[in-house]
Amino acid sequence: MKIGIIGPGALGCLFASKLFLAKDTRDRILLIDHRDARADSLNSKGITFESATTGQQQLAIPVSSKPADVGPLDVLFSCVKSYQLDRSITFAAPLLSPTTLLIFLQNGINHLKYGNRLPRGIPVLATSSEGATRIASGHIRHAGSGQTFLGFLSPQEQTTCNKLSAIQSLLKKGGISCTVSKDIRSRIWAKLFINVGINALTAIHNIPNGRLLTSDPVLQQLKGLVGEAEQVAIASGISIQEDPVAATLTVCKHTAENVSSMLQDVRNHRPTEIDAINGAISQLGRNYNIATPLNDSIASQIRDIEGTYNEHQQ
Ligand code: KPL
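Small disclaimer: the values here were computed from a predicted structure and weren't measured.

Scanning the protein chain for helices and strands turns up 12 helices and 12 strands. A compact globule built from 314 residues should have a C-alpha radius of gyration of about 20 Å, and the protein chain, at 19 Å, falls within 12% of that. Counting all 314 residues of the protein chain, 45% fall into the buried class. A separation threshold of at least 6 residues defines the contact pool for the protein chain, and within that pool the share at least 24 residues apart is 69%.

Relative to the assigned elements, Arg185 resides in helix α7 (residues 184–205). For Arg185, a count of 18 C-beta atoms within 10 Å puts it in the partly exposed group. C-alpha of Arg185 to C-alpha of Leu150: the two residues are 35 residues apart in sequence and 9.9 Å apart in space. When sequence neighbours within four positions are dropped, the list of residues in contact with Arg185 reads Leu112, Leu153 and Ile238.

Take the sheet that holds strand β2 (residues 29–32) next. Reading across the sheet, the 8 strands line up as β5-β2-β1-β6-β7-β8-β11-β12 and stay open at both edges, with mixed pairing between neighbours. Edge positions in the sheet fall to β5 (63–64) and β12 (178–180), since each of these pairs with one other strand and no more. Both strand β11 (residues 148–151) and β12 contribute to a ladder of 3 bridges, which runs parallel. What sits directly across from Leu150, in β12, is Val180. Sheet strands touched by helix α1 (residues 10–21): β1 (3–6), β2, β6 (75–78) and β8 (122–128). Its angle to β2, the strand with the most contacts, is close to 165°. Packing of helix α6 (residues 164–173) onto the sheet brings it into contact with β6, β7 (101–104), β8, β11 and β12, and relative to β12 it is tilted by some 170°.

Our focus in this paragraph is the domain arrangement of the protein chain. Along its sequence, the protein chain is organised into domain 1 (2–182) and domain 2 (185–308). Taking the mean C-alpha position of each, domain 1 and domain 2 sit 24 Å from one another. Each partner contributes to the interface: domain 1 provides 20 residues, whereas domain 2 provides 17 residues. Listed by contribution, the elements that provide at least two residues to the side of domain 1 that touches domain 2 are β8, β9 (131–136) and β10 (139–144). Per-element accounting of the side of domain 1 that touches domain 2 gives the leading share, 3 residues, to β9. Taken together, the residues of the side of domain 1 that touches domain 2 sort by class into 7 nonpolar, 11 polar and 2 charged.

Inspection of the region around the ligand gives Asn107, Ile194, Asn195, Ile198, Asn199, Asn209, Val251, Thr255, Asn258, Ser260 and Ser261 as its neighbouring residues. Of the residues forming the shell around the ligand, the biggest block, 4 residues, is contributed by α7. Classifying every residue of the shell around the ligand gives 3 nonpolar, 8 polar and no charged.

Turning our eyes to something else, we now look at the nonpolar core. Soluble globular proteins tend to pack their nonpolar side chains together in the buried interior. Within the largest apolar cluster, 86 residues are counted, with the highest numbers of intra-cluster contacts made by Phe15, Ala16, Leu76, Ile103, Val124, Leu150 and Ala229. Broken down by element, this core gets its largest block of residues, 12 residues, from α7. When residues are assigned to domains, this core turns out to be shared by domain 1 (2–182) and domain 2 (185–308), each giving three or more. Setting aside residues up to four positions removed in sequence, Ile103 forms contacts with Val75, Leu76, Phe77, Ser78, Val124, Ala126 and Leu150.

Next up on the list: the UniProt feature "domain: Ketopantoate reductase N-terminal" (unreviewed entry) in the protein chain. Within this structure's numbering, the places UniProt gives as "domain: Ketopantoate reductase N-terminal" (unreviewed entry) are residues 3–153. Along residues 3–153 one finds 23% helix and 34% strand; the C-alpha atoms at either end are 22 Å apart.

The next point concerns the pairing of β10. Relative to β10, strand β3 (residues 47–51) runs parallel, the two sharing 4 bridges. The residue bridging Thr48 from the neighbouring strand is His139, located in β10. As paired strands, β9 and β10 are joined by 5 bridges and run antiparallel to one another. In the strand pairing of β10, Ala132 is matched with His142. Counting the residues that bridge the hairpin from β9 to β10 gives 2 residues, and of these Gly138 lies at a positive phi of roughly 75°.

Positioned with a positive phi, Asn206 is a non-glycine residue whose angle comes to about 55°. Topologically, Asn206 is positioned in the loop between α7 and α8 (216–235). C-beta crowding within 10 Å serves as the criterion here: with 11 such atoms nearby, Asn206 is assigned to the exposed category. The residue His269 is not glycine, and still its phi comes out positive at about 55°. Assignment of secondary structure puts His269 in the loop between α10 (261–267) and α11 (278–288).

Moving on to α1. Given a rise of 1.5 Å per residue, 12 residues ought to cover 16 Å, and the 16 Å separating the end C-alpha atoms of α1 matches this to within 8%. All of the buried residues along α1 are Ala10, Leu11, Gly12, Cys13, Leu14, Phe15, Ala16, Ser17, Lys18, Leu19 and Phe20.

Rules of the game
- Residues numbered from 1 in each chain as written.
- Predicted model: local features only at pLDDT ≥ 70, side-chain atom pairs only at ≥ 80, totals over all residues.
- Helix = DSSP H or I, 4+ residues; strand = E, 2+ residues; numbered from the N terminus.
- Rg over C-alpha atoms; globule rule 2.2 N^0.38 Å.
- Buried ≥ 20, exposed ≤ 12 C-beta atoms within 10 Å, placed from the backbone.
- Contact = placed C-beta atoms within 7 Å.
- Pairing = 2+ DSSP bridges.
- Axes fitted to C-alpha atoms, helices over the stretch in contact; angles between N-to-C directions.
- Domains from an automatic or database assignment.
- Nonpolar A, V, L, I, M, F, W, Y, C, P; charged D, E, K, R; others polar.
- Near = placed C-beta within 6 Å.
- Core = buried A, V, L, I, M, F, W, Y, C linked by C-beta atoms within 7 Å.
- UniProt positions renumbered as here; feature names shortened; annotations may be inferred.
- Expected span 1.5 Å × (residues − 1).

Printed below as a string of structure tokens:
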């Protein structure tokens, strides 16, 4: 089985490192990067992987920026940011055969629409709460274990393709706990609620996740944002298993020291995933005629912050 991971950011390097460290999968792993110079530098330096259990290790994970030289893979994990998906799918086309499983691991919900936009391959939706912090290019820290869910969007694929259990055992070999879900859309929404409540607020206040709980006005904002998202989810026909506000508060507690991915983006003057998170709630709210003033306002505050960057590095 040939396995690729496109996007050498925090989650991409985490998945690549974990699979590289597993004896059975080490020789089958390849990172894919669209930037030639960064791929060269990662090939010469290796990936630096830190975790509380293994300490710091330098891993010689091969990185390619030439999909045509690699050819079709059996599995491709897409770990690029949601706003990079269009470009990334075009770039990755040579890696896809009609049977390649392309596993989308983006934050937010904008990637749900890519199911029918692939040149080839079988789309798989995924969501992961593995904690990964990017220290520098090609240097990540495993901030805490989480749960990864995988599933097909279309019920037809669910009945015709049994390859997901192979991916599940692959990830388990790498120590990534994974569950195949028959309702992946709800799982993705459950993660969306958390990102709606945490990411933009931490980015605006420049605080780690746990500090959202220490100020009452901020806590009320968090509850309001998630409450609006819940109304939109109900209108979208999403089945909600767990109280979204309670779940978000639990994640704030469990990841208290974490710097959210959006705050990391803002600190590094990178584009954020606001359009796939609070922006997506505003957009869907408009479609369903549901007012989402808090999400509208926070999305525009983050876009204003992005507008102050001197240059966008993508
Ligand atoms: O997914 C996250 C993110 O930062 O994007 C959370 C769960 C908020 C952890 O920081």
